[in-house]
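Summary of structural features
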Amino acid sequence: MSETQLNNIFDEHLGNNFKETSYDSVFNYFDTNSDSNLDRTEFQVLIEQLSVSEDRGPTEDDVNSIFNALDLNQNGLISLEEFSFAWKYCIKQILKPVKALVVVDAQNDFIKGTLSLRECPAGQDGYAVVPVINSLLEPNLFDVVVYTLDWHPDNHISFIDNVLLRKLHPSSKVSAEEANIQDKVVFDVDGSSREQVMWPRHCVQETTGAELHPDLKIVNEALYVKKGNNPDVDSYSAFWDNCRLSQTNLASLLGERHVTDVYVCGLAYDVCVGFTAKHALKHGFKTVLIEDASRGVSLDGIYKMKSDLIRKGAHIADSEEVPRLTSGELRPFCFIQKAAMNYKVALELNTNNNK
């Protein structure tokens, strides 16, 4: 371990030790030529300390992108005033995050019921996520805990036994009579085509199969989000339905609580967990998928979802890594990129609103 890693100045400002007035001492630490500005070389050193992870380090282009976002007057230097804004509105997200755990669809039907993951191509045991999730809930690592539930009406479009209830679109390559579980069928819904993967009947409202597994730990003051209750459209993500026709209240619940980081786990990795993580990124949250607290439908689907999430800026972690992530001790570079992007977008919105 290098001396820089042993003496990381940002580690002195984690969590409750973060003070909005401490920016000047940190700025001076990296302003090695004492010219009251950070140049790109000095900023590179800053980023190397701010980013602590076993993931790949930032490239020169990565660092330049963040530098440009913080260099408000675009003069090639970051002044103390510019750094004070970045400290309060960008770096604070990294050193003193507000964390939410979103436990996705840990329901009876996905564990031992009509859509048990054991019966899906990957053959994974959905119950295996329960003790891992419980272990994450024990140490009070999260400021907010959300449980999501698939909550389908009896006539839901995704149920294979409902395939004859709706007219098929001419573009459907599979007929209603030939459709099997996990086939893609295209329905005609109000004159528009709507592709739907067919599943066994599952998580019907007010049934035992829709309940959270009884062994899952339920924390006090938890939040609950129900999705998939529109009969004519499926909803993998806990934020939006599959056609983006409507959204749940999850984004507003997290926003009201000033959440910066969203940790996603549950069932199924390549379906509802993955799509929830994707939409968390779209909403601007630093996003972590907890891999050993998730199980999926197919190995190929899991691989593709994981690759797509990493490409979009999510961090993939195991549960043993989570305490160091939530404390700010581990700071993947993708966290810094997302915080800088949020900062840049907020400044642009503020500038446009003031015109």
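Criteria and cut-off values
- Residues numbered from 1 in each chain as written.
- Predicted model: local features only at pLDDT ≥ 70, side-chain atom pairs only at ≥ 80, totals over all residues.
- Heavy atoms only, no water.
- UniProt positions renumbered as here; feature names shortened; annotations may be inferred.
- Helix = DSSP H or I, 4+ residues; strand = E, 2+ residues; numbered from the N terminus.
- Expected span 1.5 Å × (residues − 1).
- Buried < 20%, exposed > 50% of the residue type's maximum accessible area, 1.4 Å probe, protein only.
- Arc of directions from axis to C-beta.
- Contact = heavy atoms within 4.5 Å.
- Patch = residues over 30% accessible without salt bridge, like charges linked within 9 Å, V, L, I, M, F, W, Y side chains within 5 Å.
- Areas by Shrake-Rupley, 256 points an atom, 1.4 Å probe, with all protein chains shown as cover.
- Salt bridge = Lys/Arg side-chain N within 4 Å of Asp/Glu carboxyl O.
- Phe/Tyr/Trp six-rings, centres within 6.5 Å; stacked < 30°, edge-to-face > 60°.
- Lys NZ or Arg CZ within 6 Å of the ring centre and 35° of its normal.
- Pairing = 2+ DSSP bridges.
- Right-handed = clockwise from strand over helix to strand, strands pointing away.
- Axes fitted to C-alpha atoms, helices over the stretch in contact; angles between N-to-C directions.
- Polar contact = N/O pair within 3.5 Å; in protein donor to acceptor, adjacent residues only side chain to side chain.

Attention shifts here to the UniProt feature "domain: EF-hand" (unreviewed entry) in the protein. UniProt records the feature "domain: EF-hand" (unreviewed entry) at residues 18-53 and 58-93, using the numbering of this structure. Taken end to end, residues 18-53 has its terminal C-alpha atoms 20 Å apart, with 53% of it in helix and 6% in strand. In residues 58-93, helix accounts for 69% and strand for 6%; the two terminal C-alpha atoms are 18 Å from one another.

Right, let's talk about helix α10 (residues 299-312) for a bit. The end-to-end C-alpha separation of α10 is 20 Å, in line with the 20 Å expected for 14 residues at 1.5 Å each. Residues of α10 that are buried: G301, I302, M305, D308 and L309. Looking straight down α10, one finds its buried side chains confined to an arc of 135°; they lie on one side. Exposed and oriented more than 90 degrees from the buried face of α10 are L299, Y303, K304 and R311. Along its buried surface, α10 packs onto α9 (269-282), β9 (286-295) and β10 (315-317).

Nonpolar side chains collect at one region of the surface, where L72, F85 and Y89 lie side by side and expose about 280 Å² of accessible area between them. Along the chain, L72 turns up in the loop between α4 (60-70) and β2 (78-79).

By the definition in use, this model includes ten aromatic pairs. Taken together, a centroid distance of 5.6 Å and an interplanar angle of 20° make the contact between F10 and F30 stacked. Pair noted here: F10 is in the loop between α1 (3-6) and α2 (23-30) and F30 is in helix α2, with a separation of 20 residues, a long-range link. You can call F30 buried: its relative accessible area is 2%. Within the aromatic cluster, the residues linked to one another by ring pairs are F18, F27, F83 and W87. Directly above the ring of W240 sits R244, whose terminal nitrogen or CZ lies 4.2 Å from the centroid.

Turning our eyes to something else, we now look at the pairing of strand β8 (residues 261-267). In terms of burial, β8 is a largely internal element, seven of the seven residues being buried. Burial along β8 is two-sided: the residues D261, Y263, C265 and L267 and V262, V264 and G266 are all buried. Pairing geometry for strand β3 (residues 99-104) and β8, over six bridges, is parallel. Each residue of the ladder has a partner; that of L101, found in β8, is Y263. Where β8 and β9 come together, six bridges link them in parallel fashion. Directly across from V262, in β9, lies its bridge partner T287. Of the crossover connections in this fold, the one passing from β8 over α9 to the parallel β9 is right-handed.

Turning our attention to the sheet that holds strand β7 (residues 223-227). On the basis of which strands lie adjacent, the open sheet formed by six strands has the order β7-β4-β3-β8-β9-β10 and parallel pairing. Either end of the sheet is taken by a strand with one partner, and the two such strands are β7 and β10. The average undirected angle you get between the axes of adjacent strands in this sheet is 25°. Both β9 and β10 contribute to a ladder of three bridges, which runs parallel. For L289, the partnering residue across the bridge sits in β10 and is I316. Across the face of the sheet, α9 comes into contact with β3, β7, β8, β9 and β10 while running at roughly 170° to β8.

Before going further, it helps to spend a moment on helix α5 (residues 80-95). Over its 16 residues, α5 runs only 19 Å from end to end, short of the ideal 22 Å by more than 12%, given 1.5 Å per residue. Of all the positions in α5, only E82, F83, S84, A86, W87, C90, I91, Q93, I94 and L95 are classed as buried.

Right, let's talk about the side chain of D150 for a bit. Locating D150 in the fold gives a position in strand β4 (residues 144-150). A residue is classified by how much of its surface remains accessible, and D150, at 3% relative accessible area, is buried. In this structure the side chain of D150 is engaged in a polar contact, spanning 3.4 Å, whose partner is the side chain of H202. Apart from residues no more than four positions distant in its own chain, D150 is found in contact with D105, Q107, F110, H202, C203, A210, K227 and S235.

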